[in-house]
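Listed below, chain by chain, are the residues.
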Amino acid sequence: REAEGDHSAVSLRDIHRAMRLAIWFQKFGASKIDPGNARHPLSAPIALGLAHVFYFRLPSSALRSDLMRLLRLEVMATDKETDPGFEWLQPVGVMEKIVMSTMKGLCSKLTVEEGVAMNAALMENLYVTLVCICNRVPCFVVGKPGSSKTLMMQVLVSNLQGEQSPNPF
């Protein structure tokens with residue numbers, strides 16, 4: 001909220017959306033990213049849900065890094081006895097790696113035309129929009145001309161054709 005110029009508390013609608021997405025990510029398989037006995041089964045899905053709702057709306061890498069720093073501080077503040085299994089999210093870069101590997105994994109299932117580069121902007125737009133479509137969450141894709149908005153829609157339309165899709169999803 002501070003990045004958007006609003007110093008009020010977080011919207012309950014955003015928290016509900018993040019938790020709903022966390023459950024979807026768990027069903028999608030995010031809890032299996034790097035399974036281990038000490039990890040809470042919702043730790044990666046919660047990180048992905050929060051990232052989807054808050055991380056991707058931030059316009060700069062500095063603001064995104066700051067959000068991840070704040071999330072790491074919250075993880076460090078959790079009581080290890082009552083909420084075990086979140087400690088593995090504390091090191092710098094772990095949550096970012098979870099988000100990027102999930103985004104790359106999801107985008108790798110999409111077929112793009114030959115000659116189309118799967119750059120960072122296209123991958124991010126595809127990932128966010130596809131997760132929103134799968135969860136029936138409204139999504140506004142905004143950006144400067146040439147930031148892959150139209151291409152993203154063309155890729156999604158060509159891949160989400162039901163039984164006629166190039167790959168099962």
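So, here is what we can say about the structure in this document. All values derive from a computational prediction rather than experimental measurement.

1. So, the pattern of salt bridges
For the coordinates displayed, the defined rule picks out five salt bridges. The residue Arg17 makes a salt bridge to Asp14 at a minimum N-O spacing of 3.1 Å. Separated by three residues within a single helix, Arg17 and Asp14 lie in helix 1 (residues 12–28), roughly one turn from each other. Measuring nitrogen to oxygen at the nearest pair gives 3.6 Å for the salt bridge that ties Glu96 to Arg72. Taken together, the residues span a long stretch of sequence, with Glu96 in helix 4 (residues 94–108) and Arg72 in helix 3 (residues 61–77) at a distance of 24 residues. For the pair shown, Glu96 and Arg72 are each scored as buried. Through salt bridges with shared partners, one network takes in Asp14, Arg17 and Arg57.

2. Here's the deal with the packing of aromatic side chains
Evaluation of the coordinates by the stated rule reveals five aromatic pairs. Ring geometry for Trp24 and Phe25: centres 5.2 Å apart, planes at 70°, overall edge-to-face. One exposure class covers both Trp24 and Phe25, and it is buried. Between Tyr55 and Phe56 the ring centres are 5.2 Å apart and the planes differ by 90°, which places this aromatic pair in the edge-to-face class. Just as Tyr55 is buried, Phe56 falls in that class too. Feature note: the residues Trp24, Phe25, Phe28, Tyr55, Phe56 and Tyr127 constitute an aromatic cluster, connected by ring pairs.

3. Considerations on unusual backbone geometry
Negative phi values dominate among residues other than glycine, just as trans dominates among peptide bonds. The phi dihedral of Arg136 is positive, around 55°, even though this residue is not glycine. Here Arg136 shows up in the loop between helix 5 (120–135) and helix 6 (149–159). Although it is not a glycine, Ser148 sits at a positive phi angle of roughly 75°. With respect to the helices and strands, the residue Ser148 is situated in the loop between helix 5 and helix 6. Look at Ser148 and you get buried, because its relative accessible area is 12%.

Reading the values: rules and limits
Residues numbered from 1 in each chain as written. Predicted model: local features only at pLDDT ≥ 70, side-chain atom pairs only at ≥ 80, totals over all residues. Heavy atoms only, no water. Salt bridge = Lys/Arg side-chain N within 4 Å of Asp/Glu carboxyl O. Helix = DSSP H or I, 4+ residues; strand = E, 2+ residues; numbered from the N terminus. Buried < 20%, exposed > 50% of the residue type's maximum accessible area, 1.4 Å probe, protein only. Phe/Tyr/Trp six-rings, centres within 6.5 Å; stacked < 30°, edge-to-face > 60°.

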